[in-house]
Amino acid sequence: MTSKSGVRQPPSLRELEILQAMIATRKTVAAAQMLGISQPAVSRALSSLEAHVGRPLFVRESGRLVPTGDAFALEAEAQPIFAALERLAAWPGQTARASVLRIATPPTLAQFVLPPILALFRRQEPDVAANVEIGTSSSVIAQVADRAADLGLVDIPVPHLGVRGEPLRDAVGHVFMPADHPLAAREVLGPRDLADEPIVALARRFPVRVETDRAFADAGIAPRIVAEGTTSAFAAEMVRQRVGLALLNPFPLTLGGMDGLVARRFEPVVSYRTMLLFPSSGPIAPAARRFADLLRASQPEDGLTTPIR
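What you see is a predicted model, and the numbers here were worked out from it, not measured in a lab.

Novice: Help me understand the overall build of the chain in this model?
Specialist: When helices and strands are counted, the chain shows ten helices and 14 strands. A principal-axis box enclosing the C-alpha atoms of the chain has dimensions of 75 × 45 × 35 Å. Once local pairs closer than 6 in sequence are excluded, the contacts in the chain between residues at least 24 apart make up 74%. Just so you have it, the chain exposes about 15200 Å², and 55% of that area is on carbon and sulfur atoms.

Novice: Looking at this structure, how should I read the packing of helix α1 (residues 13–25) against helix α3 (residues 39–53)?
Specialist: For any two helices packed against each other, one specifies the crossing angle of their axes together with the interaxial distance. At a closest axis distance of 9 Å, the pairing of α1 and α3 adopts a crossing angle of 105°. By the criterion of interaxial angle, the relationship of α1 to α3 is roughly perpendicular. Contacts from Glu15, Ile18, Leu19 and Met22 in α1 reach Ala41, Val42, Ala45, Leu46, Ser48 and Leu49 in α3. Within the contact of α1 with α3, the residues separate by chemical class into eight nonpolar, one polar and one charged.

Novice: Could you clarify how one ought to interpret a nonpolar patch on the surface in this entry?
Specialist: On the surface, a cluster of nonpolar side chains totalling about 340 Å² of accessible area is made up of Leu13, Ile81, Leu85 and Leu88. Ranked by residue count, the leading element in the nonpolar patch is helix α4 (residues 69–90), at three residues. Judged by relative accessible area, Leu88 falls into the exposed class, the value being 58%.

Novice: Just checking my understanding: could you explain the packing of aromatic side chains for this structure?
Specialist: Think of a pair of aromatic rings as described by two things: how far the centres are apart, and how the planes are tilted against each other in angle. Inspection of every chain in the model, using the stated rule, returns two aromatic pairs. Ring plane angle 85° and centroid distance 5.3 Å describe the contact between Phe121 and Phe291, whose orientation is recorded as edge-to-face. Here Phe121, found in helix α6 (residues 114–124), pairs with Phe291, found in helix α10 (residues 286–297); they are 170 residues apart in sequence, far enough to count as distant. The exposure classification of Phe121 matches that of Phe291, with both residues buried.

Novice: Where do I start with the pairing of strand β1 (residues 58–61) in this structure?
Specialist: Pairing between β1 and strand β2 (residues 64–67): four bridges, direction antiparallel. Among the inter-strand pairings, Phe58 is bridged to a residue of β2, identified as Pro67. Hairpin connection of β1 to β2: two residues between the antiparallel strands, including Ser62 at a positive phi of 50°.

Novice: Could you clarify how one ought to interpret the packing of α1 against helix α2 (residues 28–35) in this entry?
Specialist: Relative orientation of the contacting elements α1 and α2 amounts to 125°, with a least axis distance of 8 Å. Classified by the angle between their axes, α1 and α2 sit oblique to one another. Crossing hand, α1 versus α2: right-handed. Between α1, through Arg14, Glu17, Ile18, Ala21, Met22, Ala24 and Thr25, and α2, the contact on the second element is made entirely by Thr28, Ala30, Ala31, Met34 and Leu35. Taken together, the residues of the contact of α1 with α2 sort by class into eight nonpolar, two polar and two charged.

Novice: Looking at this structure, I do not really get the sheet that holds strand β12 (residues 261–266). What am I missing?
Specialist: Paired through backbone hydrogen bonds, the strands of a sheet run either parallel or antiparallel to each other. The strand order across the open sheet formed by four strands is β8-β12-β7-β11, and the pairing between neighbours is mixed. Both edges of this open sheet fall to β8 (188–189) and β11 (246–248), since each of them pairs with a single strand only. In the sheet, strand β7 (residues 174–178) pairs with β12 via five bridges, with the strands oriented antiparallel. Paired with Pro178 across the bridge in β12 is Leu261. Contacts from helix α9 (residues 232–240) reach β7, β11 and β12 within the one sheet, and its direction differs from that of β11 by about 150°.

Procedures and definitions
- Residues numbered from 1 in each chain as written.
- Predicted model: local features only at pLDDT ≥ 70, side-chain atom pairs only at ≥ 80, totals over all residues.
- Heavy atoms only, no water.
- Helix = DSSP H or I, 4+ residues; strand = E, 2+ residues; numbered from the N terminus.
- Contact = heavy atoms within 4.5 Å.
- Areas by Shrake-Rupley, 256 points an atom, 1.4 Å probe, with all protein chains shown as cover.
- Axes fitted to C-alpha atoms, helices over the stretch in contact; angles between N-to-C directions.
- Parallel < 35°, antiparallel > 145°, perpendicular 65-115°, else oblique.
- Nonpolar A, V, L, I, M, F, W, Y, C, P; charged D, E, K, R; others polar.
- Patch = residues over 30% accessible without salt bridge, like charges linked within 9 Å, V, L, I, M, F, W, Y side chains within 5 Å.
- Salt bridge = Lys/Arg side-chain N within 4 Å of Asp/Glu carboxyl O.
- Buried < 20%, exposed > 50% of the residue type's maximum accessible area, 1.4 Å probe, protein only.
- Phe/Tyr/Trp six-rings, centres within 6.5 Å; stacked < 30°, edge-to-face > 60°.
- Pairing = 2+ DSSP bridges.
- Left-handed = near helix turned anticlockwise from the far one by under 90°.

See below:
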């Protein structure tokens with residue numbers, strides 16, 4: 001949008017507030033109620049913002065308006081503005097204090113992904129203290145939805161209206177085995193190749209277990225499951241101890257859990273996606289946004305999985 005003098009005008013604060021409310025609610029009526037304004041005012045502001053960026057900010061899916069990548073990017077750019085306004089509202093009656101970044105994640109992601117990124121983030125932002133809550137993927141989702149955590153990291157599907165996810169990394173299932181195992185000479189393995197092998201499996205409560213069980217069933221193979229566990233790190237360690245082979249998501253084991261092991265691609269394909277999670281309502285904590293951006297930008301290549309930048 002440009003003024004009469006030809007100078008490009010920035011979005012107004014009200015337009016950015018409406019964008020934030022729309023990302024949280026996904027509906028113009030709900031956004032209007034949240035802000036105490038009319039629904040037509042919300043629609044006009046969205047039209048103005050889309051004219052400003054020159055691209056759609058929302059797409060309609062199943063009666064809801066789903067934010068595009070441009071909408072999330074614009075909201076991220078606006079977060080420091082809202083954070084500054086909050087500080088100004090409290091000034092000067094509130095003394096400065098260190099902020100806390102609350103992260104929730106399952107054990108394997110906590111072990112292999114977070115420490116180096118937190119160390120880098122700490123060097124960049126020494127006034128931000130990290131509080132990492134390690135639990136099951138279900139508890140991570142619940143904490144983010146309840147705003148008990150500013151940011152979550154999971155590698156399972158997230159069908160929860162209380163959170164919104166941003167993809168971080170894609171992967172396909174690989175069979176983990178000791179480096180000297182005879183099957184290590186193969187590039188691709190299927191259920192029939194594993195018919196006589198002892199298998200260390202993830203627990204049945206994980207959605208991906210259903211996919212792997214179906215792959216074996218479709219091939220007419222009953223896997224020889226000799227142990228089950230709830231983390232990839234545990235399964236990989238059982239493989240290292242030669243208890244059996246394991247069909248796993250290579251990420252984040254490729255960041256430090258592969259000593260003595262190799263991984264061979266499994267077919268039919270079992271897909272995995274590691275996600276960053278934020279609460280679906282209200283603003284994203286500025287420190288959480290900055291940490292998420294740093295994590296995304298700092299992802300290493302590993303040859304087996306695909307970072308989404």
